[in-house]
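Results of the structural survey
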Amino acid sequence: MNCGSDADVAGDDELSSEAIERLSLRSALAALAQDERDLLAMRYGADLTARDIARITDTRVNTVEVALHRVLAKLRESMDASSLAQKKDA
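Treat the numbers as computed from the prediction; the structure is a model and nothing was measured.

**Observations regarding the overall build of the protein**
Looking only at helices and strands, the protein has four helices and zero strands in total. Counting from the amino terminus, the protein carries its helices and strands in the arrangement α-α-α-α. Every one of the 90 residues in the protein was classed for burial, and the buried ones make up 18%. A fraction of 57% describes how many contacts in the protein between residues 6 or more apart in sequence connect residues 24 or more apart. Surface accessibility of the protein: about 7000 Å² in total, with carbon and sulfur atoms responsible for 53%.

Written out as structure tokens, the structure is:
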């Protein structure tokens, strides 16, 4: 007798995928240098603009923008690699 529905199974798969993605993100963030994590925390955690971050860190706005661009690219690359590895294992 099957007590679970197809919707329950699909929901469980979706939750598992979300959990794996969160763990992958956590791992990718941990692999970043501390200053890169700090930059992401200021931009996305504290919702500061590049101008605000530049003022706080005593750097140029362009320097902050370039650093954000690079660290996001690095994070995306790490997440893409993790995603490919998961698909390969599945």
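There's more to say after this.
**Some details on the nonpolar core**
Ranked by size, the top nonpolar core spans 14 residues in total, and within it Leu 39, Leu 40, Ile 53 and Val 64 carry the most contacts. Sorting the residues of this core by element identifies helix H2 (34–45), helix H3 (50–57) and helix H4 (61–89) as the ones contributing at least two each. In terms of residue count, H4 provides more of this core than any other element does, five residues in total.

About the thresholds
Along each chain, the written sequence defines residue order, and numbers are assigned to residues from 1. It should be noted that, the model being predicted, local features are given only for residues of pLDDT at least 70 and side-chain atom pairs only at 80 or more, the latter also being counted only at that level, while totals for whole chains, interfaces and linings use all residues. Processing note: side-chain calculations cover all non-hydrogen atoms of the structure and skip hydrogens and water entirely. Secondary structure elements are taken from DSSP: a helix is a run of H or I of four residues or more, a strand is a run of E of two residues or more, and numbering for both begins at the N terminus. Only protein chains enter the accessibility calculation, which uses a 1.4 Å probe; a residue whose area is less than 20% of its type maximum is buried, one above 50% is exposed, and one in between is partly exposed. Here, two residues are considered to be in contact whenever any of their heavy atoms come within 4.5 Å of each other. Calculation of accessible area relied on Shrake-Rupley with a 1.4 Å probe; when residues are assessed, cover is drawn exclusively from the protein chains displayed. By nonpolar core we mean a set of buried residues, namely Ala, Val, Leu, Ile, Met, Phe, Trp, Tyr and Cys, connected to one another through side-chain atoms within 4.5 Å.

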